[in-house]
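# Descriptive structure summary
Each chain, written out:
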Amino acid sequence: MTPPAQVKGTVLRGALKDIKETVPGGVSALMASMNPEMRERYFSKKFLHGSWYPYEALVVLLETYFHHVAQRNEQAIVQMGIRSARRDLGTIMKELVSKVPDLSEREALDQG
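These lines cover the structure that appears in this document, whether it is placed above or below. (Residues numbered from 1 in each chain as written. Predicted model: local features only at pLDDT ≥ 70, side-chain atom pairs only at ≥ 80, totals over all residues. Heavy atoms only, no water.)

For the rest of this paragraph, the subject is the environment of Asp18. Residue position: Asp18 is located in helix α1 (residues 9–22). Considered as a pair, Asp18 and Ser84 are 66 residues apart in the sequence and their alpha carbons are 7.7 Å apart. For Asp18, the residues in contact, after removing those within four places along its chain, are Met80, Arg83 and Arg87. (Helix = DSSP H or I, 4+ residues; strand = E, 2+ residues; numbered from the N terminus. Contact = heavy atoms within 4.5 Å.)

The next point concerns the packing of helix α4 (residues 55–69) against helix α5 (residues 74–88). With their axes 9 Å apart at the nearest point, α4 and α5 run at an angle of 135° to one another. When the interaxial angle is binned, α4 and α5 end up oblique. Of the two possible hands of crossing, α4 and α5 adopt the one that is right-handed. On the side of α4, the interface is formed by Leu62, Tyr65 and Phe66, while α5 contributes Glu74, Ala76, Ile77, Met80 and Arg83. Residue composition of the contact of α4 with α5, by class: six nonpolar, no polar and two charged. (Axes fitted to C-alpha atoms, helices over the stretch in contact; angles between N-to-C directions. Parallel < 35°, antiparallel > 145°, perpendicular 65-115°, else oblique. Left-handed = near helix turned anticlockwise from the far one by under 90°. Nonpolar A, V, L, I, M, F, W, Y, C, P; charged D, E, K, R; others polar.)

The next subject is α4. In this model α4 runs 21 Å from its N-terminal to its C-terminal C-alpha over 15 residues, within 8% of the 21 Å that 1.5 Å per residue would give. If you check which residues of α4 are buried, you get Ala57, Leu58, Val60, Leu61, Thr64 and Tyr65. All buried residues of α4 project into a common sector of 160° when viewed along the axis, lining one side. On its buried face, α4 is in contact with β1 (6–8), α1, α2 (26–32), α3 (36–43), β2 (52–54) and α5. Where α4 ends, the next residue or the one after it, Gln71, has phi of about 50°, a positive value. (Expected span 1.5 Å × (residues − 1). Buried < 20%, exposed > 50% of the residue type's maximum accessible area, 1.4 Å probe, protein only. Arc of directions from axis to C-beta.)

Shown next as structure tokens:
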């Protein structure tokens, strides 16, 4: 049996930070529009940077953002991804991306 996909707490915390900084009403507003069962299952505790969480938590977060905050505006999700890439490229990820042949930091951001 294949283990369920997981996501690092850093990814979830980054998405929540983005929501806090860009969504009117911040994380509270997003949580208010989330399915209560999903909110309780995945968002009742603080995410730790180094811990692993079910990938579904990220999916629920982004779907809620897409449907209720971005009002199904695909460009809003793309912009969120670009902000995430910029944030990640300021960390160890910058070093990892620099090792990928033919992909500079600028090119990675321009692809968004």
